[in-house]
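# Remarks on the overall topology
What follows is each chain in one-letter form.
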Amino acid sequence: MRKYISILIMSLSFFSLFAQGGKSFRTVGVDEFASYTAKPGVTVLDVRTPAEHLQGFIPGTDLNIDVLEDSFASEAVAKLPKGAPVALYCRSGNRSKSAARILSSKGYSVIELGSGFNGWVSSGRKVSKPKTK
């Protein structure tokens, strides 16, 4: 029985990668996300709504593009540097997985913060706020 379950799990993993066109992304924790985003050349993308972004964001965030908008893929491809790695996050880690699938299928190297902005805040990390005029 264990053998069949193992085969089923391996098959599902294979088909999942195949459905993504062979592309994948990595889900990481807060510490790894912070280390990764500190590297030069990494674009940090907030995929939450603009209203959520205004409440606060992870320092170093370069772009805010709402993954729930129909234009997400085209806007992201137009604004993200070609070939540059992308680190993205949402509120809790659900929407960022959708965004990561979309961007990895477009050829981007992607990591996503599994616990999202909420996990970042819960870990006691610094939060930035938009500058007011």
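Structure: above.
Residues numbered from 1 in each chain as written. Predicted model: local features only at pLDDT ≥ 70, side-chain atom pairs only at ≥ 80, totals over all residues. Heavy atoms only, no water.

## Notes on helix H5 (residues 94-105)
- If you check H5, its first and last C-alpha atoms are 17 Å apart, about what 12 residues at 1.5 Å a residue would give, namely 16 Å.
- Residues of H5 that are buried: Arg95, Ser96, Ala99, Ala100, Leu103 and Ser104. Buried residues along H5 cover an arc of 160° about the axis, so they all sit on one side.
- A positive backbone phi angle near 100° is found at glycine 107, which sits one or two residues after H5. (Helix = DSSP H or I, 4+ residues; strand = E, 2+ residues; numbered from the N terminus. Expected span 1.5 Å × (residues − 1). Buried < 20%, exposed > 50% of the residue type's maximum accessible area, 1.4 Å probe, protein only. Arc of directions from axis to C-beta.)

## Concerning the nonpolar core
- Core analysis: the largest hydrophobic core is formed by 17 residues, its most contacted members being Leu45, Phe72, Leu88 and Leu103.
- At the level of secondary structure, the elements contributing two or more residues to this core comprise helix H4 (72-79), strand E4 (86-89) and H5.
- Here this core gets 3 residues from one element, more than from any other, and that element is H5.
- Leaving out residues up to four positions away in the same chain, leucine 88 has contacts with Phe33, Leu45, Val47, Ser96, Ala99, Ala100, Leu103, Val110, Ile111, Glu112 and Leu113. (Core = buried A, V, L, I, M, F, W, Y, C linked by side-chain atoms within 4.5 Å. Contact = heavy atoms within 4.5 Å.)

## A closer look at the environment of valine 30
- Residue placement: valine 30 occurs in helix H2 (residues 30-37).
- Taking the relative accessible area as the measure of exposure, valine 30 reaches 10% and is therefore buried.
- Note: C-alpha distance between valine 30 and tryptophan 120 (90 residues apart in sequence) is 5.9 Å.
- If sequence neighbours within four positions are ignored, valine 30 has contacts with Leu113, Ser115, Gly119, Trp120, Ser123 and Arg125.

## Some points on the pairing of E4
- In E4, alternate side chains face the same way, and those of Val86 and Leu88 on one face and Ala87 and Tyr89 on the other are all buried.
- Judged from the 4 bridges that link them, strand E2 (residues 43-46) and E4 form a sheet pairing that is parallel. Residue pairing across strands places threonine 43 opposite valine 86, the latter belonging to E4.
- With 3 bridges joining them, E4 and strand E5 (residues 110-113) adopt parallel strand pairing. Paired with leucine 88 across the strands is glutamate 112, a residue of E5.
- Remark: the E4/H5/E5 crossover connection has right-handed handedness. (Pairing = 2+ DSSP bridges. Right-handed = clockwise from strand over helix to strand, strands pointing away.)

## A few points about the packing of aromatic side chains
- In this structure the tally under the stated criterion is 3 aromatic pairs.
- For the ring pair phenylalanine 33 and tyrosine 89, a centre distance of 6.2 Å and an interplane angle of 85° mean the geometry is edge-to-face. With phenylalanine 33 in helix H2 and tyrosine 89 in strand E4, this residue pair connects regions lying 56 residues apart in the sequence.
- Judged by centre distance (6.3 Å) and plane angle (80°), the rings of phenylalanine 33 and tryptophan 120 are edge-to-face. With phenylalanine 33 in helix H2 and tryptophan 120 in helix H6 (residues 116-122), this residue pair connects regions lying 87 residues apart in the sequence. Across the pair, tryptophan 120 and phenylalanine 33 agree in class, each one buried.
- Following the ring pairs from residue to residue traces out a cluster consisting of Phe33, Tyr89, Phe117 and Trp120.
- Taking NZ or CZ as reference, arginine 48 lies 4.4 Å from the ring centre of phenylalanine 117, over its face.
- Positioned above the aromatic ring of tryptophan 120 is the side chain of arginine 125, whose terminal nitrogen or guanidinium carbon lies 5.5 Å from the ring centre. (Phe/Tyr/Trp six-rings, centres within 6.5 Å; stacked < 30°, edge-to-face > 60°. Lys NZ or Arg CZ within 6 Å of the ring centre and 35° of its normal.)

By themselves these figures say nothing about function.
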